[in-house]
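Residues per chain, in single letters:
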Amino acid sequence: MQDKPSDKERPVPLSGKGSAKGARTSKDAPDAAFDQWLQNGLHSMFDDVTNEPIPEALLRLIEQDRQK
């Protein structure tokens, strides 16, 4: 059984929301910068795709599966 991770080892949500206990420290600043860079890059690459309408055929398949 593994030990429970310390506050320093726990991941911090990208949204920046959370308690002060889980807040990043100055030594984590490069991680925060990387997280922001990655989030911005992923949004710029995939926002157009995620905003496309879902094809009717796919919606029908999902609905058929729900009814099973």
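Chains are numbered independently. Their residues run from 1 in the order of the written sequence. Note on the predicted model: pLDDT of at least 70 is required for a residue's local features to be given, and 80 or more for side-chain atom pairs to be given and counted; whole-chain, interface and lining totals, by contrast, use all residues. Each side-chain value is worked out from all heavy atoms of the structure, with water and hydrogens disregarded.

Along its length, the chain carries 2 helices and 0 strands. Three labels apply to residues, based on accessible area from a 1.4 Å probe with only protein chains included: buried if under 20% of the type maximum, exposed if over 50%, partly exposed otherwise in between. The proportion of buried residues among the 68 residues of the chain is 3%. Going along the chain from the N terminus, every DSSP run of H or I of four or more residues is numbered as a helix, and every run of E of two or more is numbered as a strand.

For this analysis, a salt bridge means a side-chain nitrogen from Lys or Arg found within 4 Å of a carboxyl oxygen belonging to Asp or Glu. One pass over the full model with this rule turns up 1 salt bridge. R66 serves as the salt-bridge partner of E63, at 3.6 Å between the closest nitrogen and oxygen. Of the two residues, E63 and R66 both sit in helix 2 (residues 56-66), 3 residues apart, roughly one turn of that helix. The class for E63 is partly exposed, based on a relative accessible area of 35%.

Here we take up a nonpolar patch on the surface. Distance thresholds for patches are 9 Å for like charges and 5 Å for nonpolar side chains (Val, Leu, Ile, Met, Phe, Trp, Tyr), applied to residues having over 30% relative accessible area and no salt bridge. Using the Shrake-Rupley algorithm and a 1.4 Å probe, accessible areas are obtained, with residue cover drawn only from the displayed protein chains. Residues F34, W37, L38, L42, M45, F46 and V49 make up a contiguous nonpolar surface patch of roughly 730 Å² in combined accessible area. Among the secondary structure elements, W37 is positioned in helix 1 (residues 29-50).

This paragraph deals with the packing of aromatic side chains. Ring pairs are drawn from Phe, Tyr and Trp, using the six-membered ring of Trp, whenever the two centres fall within 6.5 Å, and their geometry is named by plane angle: stacked under 30 degrees, edge-to-face over 60, tilted for the rest. According to the stated counting rule, one finds 1 aromatic pair in the structure shown. For the pair F34 and W37, a centre-to-centre distance of 5.6 Å together with 35 degrees between the ring planes defines the contact as tilted. Remark: W37 and F34 occur in helix 1; sequence separation between them is 3 residues, near one turn of the helix. By relative accessible area, which is 44% here, F34 ends up partly exposed.

Before going further, it helps to spend a moment on helix 1. Expected helix span is computed as 1.5 Å times (number of residues minus one). Taking 1.5 Å as the rise per residue, helix 1 with 22 residues should run 32 Å; its terminal C-alpha atoms sit 29 Å apart, in good agreement. The sharpest bend along helix 1 reaches about 40 degrees and sits at S44. Bending is quantified residue by residue as the angle between axes fitted to the seven-residue window ending at that residue and the seven-residue window starting at it.

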